[in-house]
Amino acid sequence: MRVNEKYSTLPAEDRSVHIINICAIEDLGYQPSEGTLLNSLSVNPDAKCKYGLYFRDGKRKVDYVLVYHHKRGSGSRTLARRVLQNDAALGTRSARQDQPLPGKGSPGGARQQEPPMDFHEDDKRFRREEYEGNLLEAGLELEHDEETKIHGVGFVKIHAPWNVLCREAEFLKLKMPTKKMYHINETRGLLKKINSVLQKITDPIQPRVAEHRAQTMKRLSYPFSREKQHLFDLSDKDSFFDSKTRSTIVYEILKRTTCTKAKYSMGHGEGRKKDSALLSKRRKCGKYGITSLLANGVYSAAYPLHDGEYEGEDVEFNDRKLLYEEWASYGVFYKYQPIDLVRKYFGEKIGLYFAWLGVYTQMLIPASIVGVIVFLYGCATVNENIPSMEMCDQSHNITMCPLCDKTCSYWKMSSACATARASHLFDNPATVFFSIFMALWAATFMEHWKRKQMRLNYRWDLTGFEEEEEAVKDHPRAEYEARVLEKSLRKESKNKEDEMEGIAQPAIPEQMASSLFHSQTRRMRERETDKVKLTWRDRFPAYFTNLMSIVFMIAVTFAIVLGVIIYRISTAAALAMNSSPSVRSNIRVTVTATAVIINLVVIILLDEVYGCVARWLTKIEVPKTEKSFEERLIFKAFLLKFVNSYTPIFYVAFFKGRFVGRPGDYVYIFRSFRMEECAPGGCLMELCIQLSIIMLGKQLIQNNLFEIGIPKMKKFIRYLRLKRQSPADHDEHMKRKQRYEADFTLEPFGGLTPEYMEMIIQFGFVTLFVASFPLAPLFALLNNIIEIRLDAKKFVTELRRPVAVRAKDIGIWYNILRGIGKLAVIINAFVISFTSDFIPRLVYLYMYSKNGTMHGFVNHTLSSFNVSDFQDGTAPNDPLDLGYEVHVCRYKDYREPPWSEHKYDISKDFWAVLAARLAFVIVFQNLVMFMSDFVDWVIPDIPKDISQQIHKEKVLMVELFMREEQGKQQLLDTWMERGPKKSEPCSNHSPQAGPDGPENHGGAL
């Protein structure tokens, strides 16, 4: 009981008395009130323990909390549990492990008379007791609280004492600041003056946080070691390990500590399983850490505590309140983020996310400015655009062929004047420059982020993190261990069957040899069980399911896009029969807008579905480590959501109007729906509408409205439930809760994948089709300004505090960003070449124009069709709708005229334009790729001053240890010198040595 005494929450002189009294009371059957003993133990516990931030003694800080659901039994049982929580945990655990299963007999007669128990709940309680006993053995201190304002919920408060923190910090190789401080190299000359001016200018937008101020001194950091504690400043041990570090250490212990024995076989009949052989296997092989216990429902939740309240007049000042005021408030949207404080409170991984989001948002500012300039250039030159002026000139009297069979009639090109003029806003020579600019912008952004990341690694002491990252990466997940256990049990059962068959056949007559053989076989089998791993054969069904599911989901996306295409075609044909001229004149705008809204709704719904599907597919793969699980989940979710978000846009950009055919020989879907055509001004304007509505809709509805509305709705539902309760429950609920109770009602942290995903999809909208929508960076900037504060408020006020995770980069997201940046160059090259009219205009200007101007370009892009060549049943029902008889109509294509020898064949102009388009794609792609790689090569990944500081830290660390070794050597030499000097006076003042003196004895010896 030495461990229990050491970590008990009660004074030593009181423990034995309480145990004897309570046991005696239980034996007599007396059930005291639950509040009596609690009141005797502490006076005003809420004030003493700072409302749950400390243990009841008010001295030990709560570093972590485990939550479980329980069914209240008798009051005496509850009281005994509250008092004996630490003193008798191990004793109870060891005693209950020896108890037989229900139905197998019990040594006590009184126990046999008890009514049947809930085996499932009893098994959970048994696991909790064993697990908490193991935590006590690991050195942690525990305190229970089942008398909470949340009925049926119990809490286990965990505190890590100083010796445990030191031990685990050494195991985890946590870098801690030493006493040694050094000056950070400062810029000199002109750069120093520029930095000084910039600091004065940006001072109003800097957060009022101590961690955000420029530091001229830095402490030398070194991995913590108990043997070298003299290197560290341990004057204040309570604050040496901050709350983030303490919770990380406790979480590592929780993951490492296992619950190896089950009273009943969980998940197999809940105690009704009588197969003792299987049960003994599970007792022998099962290992359950905190992740498995959470998955099995033994514990409901596990989380570190927030530092306190974030609002209120009498609230004690803490980091959470500071973050709320200087970071999570919409009133400080114009300020920089206090990234160092975010890292201090939430850990490096979340700090890197918000740092990346801040860098991305800052880089959107120049992109937005250039995009607005390009848009304004299009507005300024719209009246000088000759092709749009020709389309709007009614004197040209160009009659166009019908847009659909039968119901659609001939129409004037001048009716598409508004669309043509609007297309010039986005389809002008400046968009080509903007596409090149955005490609270089993406490369610069990636390089800028790498440099910023290195600065953060230096400031946060993560420069030597590779070894620790490998150690974390190799830690297996609970689900993987469960599958390995299942496989090893099957293998062991099969080996035993083979062994029994071998015994049945008396092949070896010698009994001793048989016994030796079986013992060796058993030892070999145990070693094989420890080496069991999941192979590709075990995962093949999951891989096959993944492949089929992903193909099916992509096919569903394509089917939905096809359905929207059919909707557009059928709706256009239906509106063409409308008698109202205004309706018929706005068919294209109406169909486009409604189809895009349908696409938006479908994309938002499928995004949620695909997120759940991706997680399920990753779970059935059973990845070994959390890092592998996260990377596979990200890949699947990104693939599905990328296809879902961009398939409608890809259709409009590269497929719409490409496979239409020609009048008299159109292409049909299902032999009844004619493929839709682009407007005379091209599909770029429609692409712009599609991109803008989907981008803005996703940001407004999915990112902001869902993130704001859903939490508000949940709070409102909780408020309604509270009003329906009885007045006593309402008054009880309105009392101030303990910190762990308040945090339990918050939403659990679900990871950073959704946050990254929405920003990566937005990055795709900004870069992939930026040639068609130069205002995309501006809308992304406006969204991100709100998004940063929205996410900050969610982390500070609505989520449980996540466990701090160390990371030195953003992981696989960086590779995805690089891939999108490379893909953006190719897509923008094809958008400029094939979707816009930029290349046809250049070809016409330099090859076919008679006077070197764009006059006649529209007529050059239109082909002629003789209306007598319509197929039967496809001609307009009302050929005189324009008021005159039409003999020849025009359509947009490069084909031979009807009076030509090879009528309606593709003309040589088509091949000339196609060659120019392909040449532009090749030149544009290679030029921009080269420029991007040049930017990547010119800008070093590690800033020069940071590399110098890292080198300086290494030199200072070597000097520090050299001085320490020299000091030890000098101390040793001094001690060696003092030793002979002290012995000399003793020999001088000793009596004269005679024959029997010491010297003669020494000589004789």
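Sequence positions are assigned chain by chain, starting from 1 and proceeding in written order. Restriction of local features to residues with pLDDT of at least 70 applies here, the model being predicted, together with a cutoff of 80 or more for giving and counting side-chain atom pairs; totals for whole chains, interfaces and linings are based on all residues. Values reported for side chains reflect all heavy atoms of the structure, with hydrogen atoms and water molecules removed beforehand.

Undergrad: Explain helix α8 (residues 119-137) to me, using residue names and the numbers behind them.
TA: Runs of H or I in DSSP of at least four residues are treated as helices and runs of E of at least two as strands, each being numbered from the N terminus. Expected helix span is computed as 1.5 Å times (number of residues minus one). With 19 residues, α8 extends 27 Å between its outermost C-alpha atoms, agreeing within 8% with the 27 Å of an ideal straight helix rising 1.5 Å per residue. Exposure classes here rest on a 1.4 Å probe applied to the protein chains alone. A residue is buried below 20% of its type maximum, exposed above 50%, and partly exposed in between. Where burial is concerned, most of α8 is hidden: 15 out of the 19 residues are buried. Of the residues flanking the end of α8, it is G139, one or two places downstream, whose phi is positive at about 105°.

Undergrad: Provide a residue-level description of the pattern of salt bridges, including the pertinent values.
TA: What makes a salt bridge here is a side-chain nitrogen of Lys or Arg within 4 Å of a carboxyl oxygen of Asp or Glu, nothing more. According to the stated counting rule, one finds 46 salt bridges in the structure shown. A salt bridge links R125 to D122; its shortest N-O distance comes to 2.0 Å. Taken together, the positions of R125 and D122, both in helix α8 and 3 residues apart, correspond to about one turn of that helix. Classification of D122 by relative accessible area gives buried; the value is 1%. Between K344 and D319 there is a salt bridge whose closest N-O contact spans 3.5 Å. Of the two residues, K344 sits in helix α16 (residues 339-346) while D319 sits in helix α15 (residues 319-326), which places them 25 residues apart along the sequence. Since its relative accessible area comes to 19%, D319 is described here as buried.

Undergrad: Give a description of the packing of aromatic side chains that names residues and reports values.
TA: Pairing of aromatic rings covers Phe, Tyr and Trp, the last counted by its six-membered ring, and requires centre-to-centre distances within 6.5 Å; plane angles under 30 degrees mean stacked, over 60 mean edge-to-face, and any other angle means tilted. For the structure shown, the criterion picks out 55 aromatic pairs. On the numbers, 6.4 Å between centres and 75° between planes, the contact of Y68 with Y299 is edge-to-face. Placement of the pair is Y68 in strand β1 (residues 64-69) and Y299 in the loop between α14 (290-295) and β6 (301-303), with a sequence separation of 231 residues. Residue classification places Y68 among the buried positions, given a relative accessible area of 1%. The class of Y299 is buried, set by a relative accessible area of 1%. For K61, the ring lying beneath its charged end belongs to Y54, and the centroid distance is 5.6 Å. Two thresholds decide whether a charge sits over a ring: the Lys NZ or Arg CZ must be within 6 Å of the ring centre and within 35 degrees of the ring normal. The ring of Y458 carries the charged tip of K218 above its face, separated from the ring centre by 5.1 Å.

Undergrad: Describe the packing of helix α24 (residues 536-576) against helix α27 (residues 626-655), listing the residues and the values that go with them.
TA: Only the stretch in contact is used when a helix axis is fitted, and all axes are lines through C-alpha atoms; the angle between N-to-C directions ranges over 0 to 180 degrees. Between α24 and α27, whose axes approach to 9 Å, the crossing angle comes to 20°. Here α27 runs roughly parallel to α24, going by the angle between their axes. With respect to the hand of their crossing, α24 and α27 are arranged in right-handed fashion. Two secondary-structure elements touch here, α24 through Y543, N546, I550, M553, I554, T557, F558, V561 and I565 and α27 through R632, K636, L639, L640, V643, N644, T647, P648 and Y651. Note that Gly is not counted as nonpolar here; it falls among the polar residues with everything else outside the nonpolar set of Ala, Val, Leu, Ile, Met, Phe, Trp, Tyr, Cys and Pro and the charged set of Asp, Glu, Lys and Arg. Its residues assigned to classes, the contact of α24 with α27 shows 12 nonpolar, 4 polar and 2 charged. Each angle is binned into one of four classes, with values under 35 degrees roughly parallel, values over 145 roughly antiparallel, values of 65 to 115 roughly perpendicular, and all other values oblique. Throughout, a crossing is termed right-handed when the near helix is turned clockwise from the far one, and left-handed when it is turned anticlockwise from it by less than a right angle. Only heavy atoms enter the contact rule, under which two residues are in contact if any of them lie within 4.5 Å.

Undergrad: Give me the lowdown on the side chain of R60, citing residues and values where you can.
TA: With respect to the helices, strands and loops of the structure, R60 is situated in the loop between α4 (45-48) and β1. Polar contacts, as used here, are pairs of N or O atoms within 3.5 Å; protein pairs need one atom able to donate a hydrogen and one able to accept it. Residues neighboring in sequence count only if both atoms are side-chain atoms. For R60, the side chain forms a polar contact with the side chain of E141, separated by 2.6 Å.

Undergrad: Hey, could you go over the state of the cysteines for me, with residue numbers and the actual values?
TA: Pairs of cysteine sulfur atoms within 2.5 Å are identified as disulfides in what follows. Counted under the stated rule, the structure contains 3 disulfides. Each sulfur in the disulfide pair C392 and C417 lies 1.8 Å from the other. When the S-S torsion is 95°, as for the bridge of C392 with C417, the disulfide is right-handed. Within this pair, whereas C392 is found in helix α18 (residues 386-392), its partner C417 is found in helix α19 (residues 417-426), the two being separated by 25 residues in sequence. A sulfur-sulfur separation of 1.6 Å characterises the disulfide bridge that pairs C404 with C408. Across the S-S bond of C404 and C408 the torsion is about 90°, and the bridge reads as right-handed.

Undergrad: So, the sheet that holds β6: which residues are in play, and what are the values?
TA: Taken together, the 4 strands give an open sheet; going across it, the order is β2-β3-β1-β6, and neighbouring strands pair in antiparallel fashion. Only two strands of the sheet have a single partner each, and these edge strands are β2 (141-145) and β6. Put simply, the sheet's adjacent strands are angled 20° from each other on average, direction ignored. In the sheet, β2 pairs with strand β3 (residues 153-159) via 5 bridges, with the strands oriented antiparallel. By the bridge assignment for β3, H144 is matched with V156. Contacts between α8 and the sheet are confined to β1, β2 and β3, with β1 contributing the most and set at about 165° to the helix. Strand pairing is defined by DSSP finding a minimum of two bridges between the two strands.

Undergrad: So, the nonpolar core: which residues are in play, and what are the values?
TA: Ranked by size, the top nonpolar core spans 116 residues in total, and within it F346, W356, Y360, W441 and F769 carry the most contacts. In terms of residue count, the dominant contributor to this core is helix α17 (residues 348-380) (15 residues). Sequence-distant contacts of Y360, that is, excluding residues within four places in its chain, are made with W441, F445, M759, Q762, F763, V766 and N784. In this structure, A160, L220, L234 and L254 belong to the second largest nonpolar core, which totals 45 residues. The term nonpolar core refers to a set of buried residues drawn from Ala, Val, Leu, Ile, Met, Phe, Trp, Tyr and Cys, joined through side-chain atoms within 4.5 Å.

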